Amino acid sequence: MQPKRLTILGVGLLGGSIGLALKASGSSCHVIGYGHRQSTIDTALKMGAIDEAVTSPEAAVKDSDWVILATPVGLFEKLLLQIAPALPVNAIVTDVGSTKRSIVRQAEITLPKTVHFIGSHPMAGSEKRGVEFAKSDLFTGARCILTPTSKSNPSALAAVEQFWQSLGSKTVQMSPEDHDRNICDISHLPHAIAAALVAMQSEESLPLAGQGFLDTTRVAGGDGGLWRDILIDNRDNVADSVKRFRAKLDALLNMLGSNHDAAQREALARWLDAAAERRKQLFAAKIKELHAE
């Protein structure tokens, strides 16, 4: 049940990388691309990320057995409404969106019952945006989260899981609600914090920034419109994450109190050591995971 004719709506970094990865995997799938900018489509064709360019979403999907939504999440609702009447019977639709609850809900409401939607979120990419940065190995070793619901077709779910695995991803399944809550803490909140770190710098301090600061704030270089849509769509979880993060900063402020007594100094050292140890364990787990491949 792997694609023979696949449409990518939004041929940017992720969409272009899907096309390149498909070709690199040896697939004979015919890839159709749709995008707003002609220059992007031209680049995708030149790179070999797509085989054919189409000028409208409806025309792009009308003969495809697979469709992947790869635009910013703020455009998904409009795209789903546009393509719904044109999708073939038994077509599989998935996506690469960073939020899931609203996307899955909208797809299940909008798409015909003869079409199978499975939410996907490949944890791959970078702060760079554009098909010119697409890579055939972008998904190799990356985790891809699938978010089925009670309405999901089991065969379609198995096919989408196999698809991402064929591109080199490691798949995991969870509910759309669990996805949005968990991904907020390790992706959405860090982006907001990185942006805040850059924003709070003075004109005097910023020129002194070294590699550590650049590493810490790398994700703040992402597209503002794209991340605006993500943060707004997941606003309740973002608000909760911000409150819990603020509580950690408040604890730090207390440990930096004016007394500077031995107890406060020891508490601060333990706080920092605990964070260092937790990161060390995370890093070791990632290394172990890579070696197990």
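Right above here is the structure, for reference.
These numbers come from a predicted model, not from an experiment. Residue indices follow the written sequence of each chain, beginning from 1 at its first position. Per-residue local features of the predicted model are confined to residues with pLDDT of at least 70, and side-chain atom pairs are confined, for both listing and counting, to 80 or more; whole-chain, interface and lining totals are unaffected and use all residues. The side-chain values count all of the structure's non-hydrogen atoms but skip hydrogen atoms and water molecules.

Here's the deal with the packing of helix α4 (residues 76-83) against helix α5 (residues 101-110)
Phase 1: In this analysis an axis means a line fitted to C-alpha atoms, helices contributing only their contacting stretch, and an angle means the value between N-to-C directions, from 0 to 180 degrees. To qualify as a helix, a DSSP run of H or I must reach at least 4 residues; to qualify as a strand, a run of E must reach at least 2; elements of each kind are numbered from the N terminus. At a closest axis distance of 10 Å, the pairing of α4 and α5 adopts a crossing angle of 20°. Accordingly, the angle class assigned to the pair α4 and α5 is roughly parallel. Two packed elements cross with a definite hand, and for α4 against α5 that hand is right-handed. For the pair α4 and α5, contact is made by Phe76, Glu77, Leu80 and Leu81 and by Ile103, Gln106, Ala107 and Thr110, respectively. An angle below 35 degrees is read as roughly parallel, one above 145 as roughly antiparallel, one from 65 to 115 as roughly perpendicular, and any other as oblique. Whether a crossing is left-handed or right-handed is set by the direction in which the near helix is turned from the far one by less than a right angle, anticlockwise for left-handed and clockwise for right-handed. By definition, residues are in contact when any of their heavy atoms lie within 4.5 Å.

Things to note about the layout of surface pockets
Phase 1: Within this scheme a cavity is a closed region of a 1 Å grid, computed over the protein atoms alone, that accommodates a 1.4 Å probe without allowing it to escape, whereas a pocket is open but has protein on both sides within 12 Å along at least five of seven lines; lining residues each have an atom within 4 Å of a point. Grid points are joined across faces, edges and corners, and a volume is the space filled by probe spheres set on the points. Roughly 220 Å³ of internal volume is contained in the second largest pocket.
Phase 2: Lining the second largest pocket are Ala107, Glu108, Leu111, Pro112, Lys113, Val115, His116, Phe117, Lys151, Ser152 and Asn153.
Phase 3: Elements with a minimum of two residues in the lining of the second largest pocket: α5 and β6 (116-117).
Phase 4: Throughout this entry, Asp, Glu, Lys and Arg are counted as charged residues, while Ala, Val, Leu, Ile, Met, Phe, Trp, Tyr, Cys and Pro are counted as nonpolar. The remaining residues, Gly among them, count as polar. For the lining of the second largest pocket, the per-class residue count stands at five nonpolar, three polar and three charged.

Some remarks on the packing of helix α7 (residues 176-199) against helix α9 (residues 224-233)
Phase 1: Their axes nearest at 11 Å, the elements α7 and α9 cross at an angle of 125°. It follows from the interaxial angle that α7 and α9 lie oblique. Handedness of the crossing formed by α7 with α9: left-handed. Contacts between α7 and α9 involve Ser187, His188 and His191 from the former and Trp227, Ile230 and Leu231 from the latter.
Phase 2: For the contact of α7 with α9, the per-class residue count stands at three nonpolar, three polar and no charged.

A closer look at the pairing of strand β7 (residues 119-122)
Phase 1: Here β7 shows no split at all, with Gly119 and His121 on one side and Ser120 and Pro122 on the other all buried.
Phase 2: Across four bridges, β7 lies against strand β8 (residues 143-147) in antiparallel orientation. Looking across to β8, one finds that serine 120 is bridged to leucine 146. Categorising residues by exposure relies on relative accessible area from a 1.4 Å probe, with only protein chains included: less than 20% of the type maximum marks a residue as buried, more than 50% marks it as exposed, and the intermediate range marks it as partly exposed. Here the rule is simple: two strands pair whenever DSSP picks up at least two bridges between them.

Focus on the packing of aromatic side chains
Phase 1: Note on ring pairs: Phe, Tyr and Trp rings are taken, using the six-membered ring of Trp, and paired if centres are within 6.5 Å. Classes follow the plane angle, with under 30 degrees stacked, over 60 edge-to-face and the rest tilted. Scanning the entire structure with this criterion turns up three aromatic pairs.
Phase 2: The interplanar angle of 65° and the centroid separation of 5.5 Å between the aromatic rings of phenylalanine 139 and tryptophan 164 together place this pair among those described as edge-to-face. Taken together, the residues span a long stretch of sequence, with phenylalanine 139 in the loop between β7 and β8 and tryptophan 164 in helix α6 (residues 154-166) at a distance of 25 residues. Here the two residues phenylalanine 139 and tryptophan 164 agree in accessibility, since each one is buried.
Phase 3: Between the aromatic rings of phenylalanine 163 and tryptophan 164, the centroid separation amounts to 5.4 Å while the plane-to-plane angle is 75°, which identifies the pairing as edge-to-face. The burial state of phenylalanine 163 is the same as that of tryptophan 164; both residues are buried.

Some points on the sheet that holds strand β9 (residues 170-173)
Phase 1: Ordered in space as β7-β8-β9, the three strands form an open sheet in which the pairing is mixed. Two strands bound the open sheet, and with one partner strand each, they are β7 and β9. On average, adjacent strands in this sheet sit at an angle of 25° to one another, irrespective of strand direction.
Phase 2: Two elements, β8 and β9, share four bridges in a ladder whose sense is parallel. Note on β9: the bridge partner recorded for arginine 143 is lysine 170.
Phase 3: Its contacts with the sheet place α7 against β7 and β8, and it is angled at close to 140° to β8.

Read these as geometric descriptors, not functional statements.
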